[in-house]
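# Tertiary structure, described
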Amino acid sequence: LLLGMGKAVQRTIKALTLNEGILIFGDNDVDGITGTTLLVEFLKSIGGNVSYFISSKSVSNQLLLTNALDFAIQKNCKLLITVDCGITAANEINDFLERSIDVIITDHHEPTHKIPRCIATLNPKLINSDYPNRDLTGVGVAFKLAHAITNTLVECGKISASQIDLKRFLDLVALGTVADMGALTNENRILVRYGLRQFAKTDRIGLLKLMENSGISPEKITTNDIAAKISPRLNSLGRIADATIGVDLLLEESPTE
């Protein structure tokens, strides 16, 4: 039901098939960190050639996109997927198109009168959108893209239905949704309810350590724990350090690291 989803899925599958470099470009708050982590982990799990770049509030929006473009060129990326950002960056995104890098925007912020020219813009707040949950956060929209890609690959017989367990990403969806103050009603409430259950099953070493340092039991975690104890720790990275560390933490598989 998200406008442009079909085009977004087909372009992403094309990148997977051709082993094209894919750059996930995320905002530097918890919503962006979790959404970026989700897409990077998901796309890598199905064979994607994926890199990620997190925004920095210390530079202007124009310079930020320029830095990301330089990074994309360095990594030979042919597809840029934004997370929790991009809906207001029409001028900057043109620079990617001029370098033959296709763009898919996943965002939930209010659009301006000028929608970026790209393959697809996934945003439940688009004026002509019929999507029933206008309150999806950035990580929620990213999850929908992963869900749609999975459905298509299963329908085409390229992967089996048991190969991807989308529920394992719901801890990230709950974390980003609560941190970004997404309304906990309707679909968001369902995503967060089952996301809280996933915290008890998570094998993300970084998230487990973060809960341990925050004095949180994974089996008893609440939305208050997320809002008051986990979110401020991750949000601080984008304010005083480098939010890329947050994605590194959530993706890390080595206890030593």
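Parameters and conventions
- Residues numbered from 1 in each chain as written.
- Predicted model: local features only at pLDDT ≥ 70, side-chain atom pairs only at ≥ 80, totals over all residues.
- Heavy atoms only, no water.
- Buried < 20%, exposed > 50% of the residue type's maximum accessible area, 1.4 Å probe, protein only.
- Helix = DSSP H or I, 4+ residues; strand = E, 2+ residues; numbered from the N terminus.
- Pairing = 2+ DSSP bridges.
- Salt bridge = Lys/Arg side-chain N within 4 Å of Asp/Glu carboxyl O.
- Phe/Tyr/Trp six-rings, centres within 6.5 Å; stacked < 30°, edge-to-face > 60°.

Now for the pairing of strand β3 (residues 77-83). Summarising burial for β3: 6 of the 7 residues are buried, a large majority. For strand β1 (residues 21-26) and β3, the ladder comprises 6 bridges, and the chain directions are parallel. If you follow G21 over to β3, its bridge partner there is C77. Bridge count between β3 and strand β4 (residues 102-106): 5 bridges; the pairing is parallel.

A few words on the pattern of salt bridges. Scanning all chains against the criterion turns up 10 salt bridges. Residue R11 is joined to D102 by a salt bridge in which the shortest nitrogen-to-oxygen separation is 2.7 Å. Of this pair, R11 sits in helix α1 (residues 5-17) while D102 sits in strand β4; the two residues are 91 residues apart in sequence, bridging distant segments of the chain. The exposure class of D102 is partly exposed, given its relative accessible area of 24%. Linking R168 and D203 is a salt bridge whose minimum nitrogen-to-oxygen distance equals 2.8 Å. Of the two residues, R168 is situated in the loop between α5 (138-155) and α6 (170-179) and D203 in the loop between α7 (186-199) and α8 (205-213); the sequence distance between them amounts to 35 residues. Looking at D203, the relative accessible area reads 53%, which means it is exposed.

Let us look at the packing of aromatic side chains. Counted according to the given criterion, the structure contains 3 aromatic pairs. Relative to F169, the ring of F42 has its centre 6.2 Å away and its plane inclined at 80°; by these criteria the two rings are edge-to-face. With F42 in helix α2 (residues 30-45) and F169 in the loop between α5 and α6, this pair connects stretches of sequence that are 127 residues apart. Its relative accessible area of 3% is what places F169 among the buried residues. Look at F53 and F71: their rings are 5.4 Å apart centre to centre, the planes differ by 55°, and that puts the pair in the tilted class.

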